[in-house]
Amino acid sequence: MITTFAGALNTGLRRALEDDPKVILMGEDIGRLGGVFRVTDTLQKDFGNNRVVDTPLAESGIIGTAFGMALRGYRPVCEIQFDGFVYPAFDQIVSHVAKIHYRTQGKVNAPLTIRIPFGGGIGSVEHHSESPEAYFAHTAGLRVMTPSNPADAYLMIRQAIALDDPVIFFEPKRRYWDKADVDFLALDRDGGLPLDRARVCATGTDATVVAYGGTVATALSAAKIAAEEGHSLEVIDLRSLSPIDFDTIEASVVKTGRLIVTHEAPVFAGLGAEIAARITERCFYQLEAPVLRVGGFDIPYPPAKLEKFHLPDPDRILAAVDRTLAA
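Counting restarts for each chain, with residues numbered from 1 along the sequence as it is written. A pLDDT threshold of at least 70 governs which residues receive local features in this predicted model, and a stricter bar of 80 or more applies before side-chain atom pairs are shown or counted, although totals over entire chains, interfaces and linings include all residues. To obtain the side-chain values, all non-hydrogen atoms of the structure were included, while hydrogens and water were left out.

A. Structural view of the packing of aromatic side chains. Ring pairs shown here join Phe, Tyr and Trp side chains whose ring centres sit within 6.5 Å, with only the six-membered ring taken for Trp; geometry is labelled stacked below 30 degrees between planes, edge-to-face above 60, and tilted in between. All chains considered together, the criterion is met by 13 aromatic pairs. Consider the rings of Phe37 and Tyr176, whose centres lie 4.7 Å apart with planes at 35°: the pair is tilted. Residue Phe37 is located in the loop between strand S2 (23-27) and helix H2 (43-47), and its partner Tyr176 is located in the loop between strand S7 (167-172) and strand S8 (179-181); the two are separated by 139 residues in the primary sequence. Centroid distance Tyr176 to Trp177: 6.2 Å. Interplanar angle 85°. Geometry classified as edge-to-face. Runs of H or I in DSSP of at least four residues are treated as helices and runs of E of at least two as strands, each being numbered from the N terminus.

And the structure:
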């Protein structure tokens, strides 16, 4: 069926609620309103306010409460309304949620999923367009995921909720309205791609472009333009930001000899730096040029009218392609 990214998430959450009575949704305005982006629309009406809970405006309280519920056998799914609002809950996430399994020598799990709309592209005000993924990917004990399309949105949210590990689930907010034909029954039957595997979205021979979340569609647009100019780009959707599927990236780079990593977060100390370092180690003798990164600038997120200059676009990715091919 044709569905939006947000609609696919809604269907995934609905199936999770149906399948397991221990699944609880929590967040600000997720019940009667259905969430700011309507991802949880109608779920409180259908499952009741004990399973789809409108919480106070207190992110630390949301995560702290959910953490306690997870320790008691529930599977809470928390919504942080916008990426910039997660910081009040940062201590709960990195000091407690991420560490409980290690602290108890594996005796205690925290099956907690934290949904965070992230990234720019929608013209929001301050604190509503951030890319904080590196903070969480750096934290041992957390899985960090981000789908880029409706099919993965449905599949990955279900996989995340089923895990016994805590998951930070980033949703690229500018893709909420993207549409695609999703066969939910086939995904349920086949299981889809494992949660920690990257996907090759477009095959190519001249250079590899690694992207995730909102920049995957940007990278595919760049690949299409490059093809018209006679260059063949292989595009990889990372999907999992921690752990990272380096094997898929390595296999591609061995073939193409060149790598470009793009993300919306600032380039400095971003995930692109880790990917560049690892692939340089693993593919030192196959690389024909240095690994290049295309990302946001090292500034606070700019005002809405300037964000188009901040976010990577096809032209900036293609400029990196020209640089790597000229090396």
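B. Molecular detail of the pairing of S2. Burial analysis of S2 places five of its five residues in the buried class, the great majority of the element. Accessibility here uses a 1.4 Å probe with only protein chains present; expressed as a share of the type maximum, an area under 20% marks a residue as buried, one over 50% as exposed, and anything in between as partly exposed. The two faces of S2 match: Val23, Leu25 and Gly27 on one face and Ile24 and Met26 on the other face are all buried. The pairing of S2 with strand S3 (residues 52-54) spans three bridges and is parallel. Bridged to Met26 within S3 is Val53. Here, strands pair whenever DSSP counts at least two bridges between them.

C. Representation of unusual backbone geometry. In this structure, Pro243 follows Ser242 across a cis peptide bond, with omega equal to 5°. By secondary structure assignment, the location of Pro243 is in the loop between strand S12 (240-242) and helix H10 (246-256). Of note in this structure, Thr42 is not a glycine but carries a positive phi near 70°. Relative to the elements of secondary structure, Thr42 occurs in the loop between S2 and H2. Classification of Thr42 by relative accessible area gives partly exposed; the value is 30%.

D. Broad picture of the sheet that holds S12. Taking strand neighbours across the sheet as the criterion, the seven strands line up as S3-S2-S4-S5-S7-S6-S12 in an open arrangement whose pairing is mixed. Here the strands that pair on one side only, and so sit at the sheet edges, are S3 and S12. Ignoring strand direction, the axes of neighbouring strands in this sheet form an average angle of 20°. For helices, the axis comes from a line fit to the C-alpha atoms of the stretch in contact; other axes are also lines fit to C-alpha atoms, and the angle between any two N-to-C directions lies between 0 and 180 degrees.

E. Molecular detail of the environment of Thr203. Locating Thr203 in the fold gives a position in the loop between strand S9 (199-202) and strand S10 (207-211). Note: C-alpha distance between Thr203 and Ala89 (114 residues apart in sequence) is 40 Å. Thr203 has contacts with Ser232, Leu233 and Glu234, leaving out every residue within four places of it along the chain. Any two residues having at least one pair of non-hydrogen atoms within 4.5 Å are treated as being in contact.

F. A look at the nonpolar core. Take the buried Ala, Val, Leu, Ile, Met, Phe, Trp, Tyr and Cys residues and link them wherever side-chain atoms come within 4.5 Å; each set so joined is a nonpolar core. Residues Ile63, Ile93, Ile168, Ile249, Leu259 and Ile275 are the most contacted members of the largest nonpolar core, which totals 45 residues. With sequence-adjacent residues up to four places away left out, Ile275 is seen in contact with Val210, Leu238, Ile244, Phe246, Ile249, Leu259 and Val261. Counting 30 residues, the second-largest nonpolar core is a separate cluster that includes Val39, Ala153, Ile157 and Phe169.

G. Region of the structure containing the side chain of Arg51. Mapped onto the elements of the fold, Arg51 is located in the loop between H2 and S3. Positive charges come from Lys and Arg alone, negative charges from Asp and Glu alone, with His and the N- and C-terminal ends not counted. Here, a salt bridge means any side-chain nitrogen of Lys or Arg that lies within 4 Å of a carboxyl oxygen of Asp or Glu. No salt bridge is formed by the buried Arg51; the nearest opposite charge belongs to Asp20, separated by 6.1 Å. When near neighbours in sequence (up to four residues on either side) are disregarded, Arg51 contacts Leu17, Asp20, Pro21, Lys22, Val23, Ile24 and Leu25.

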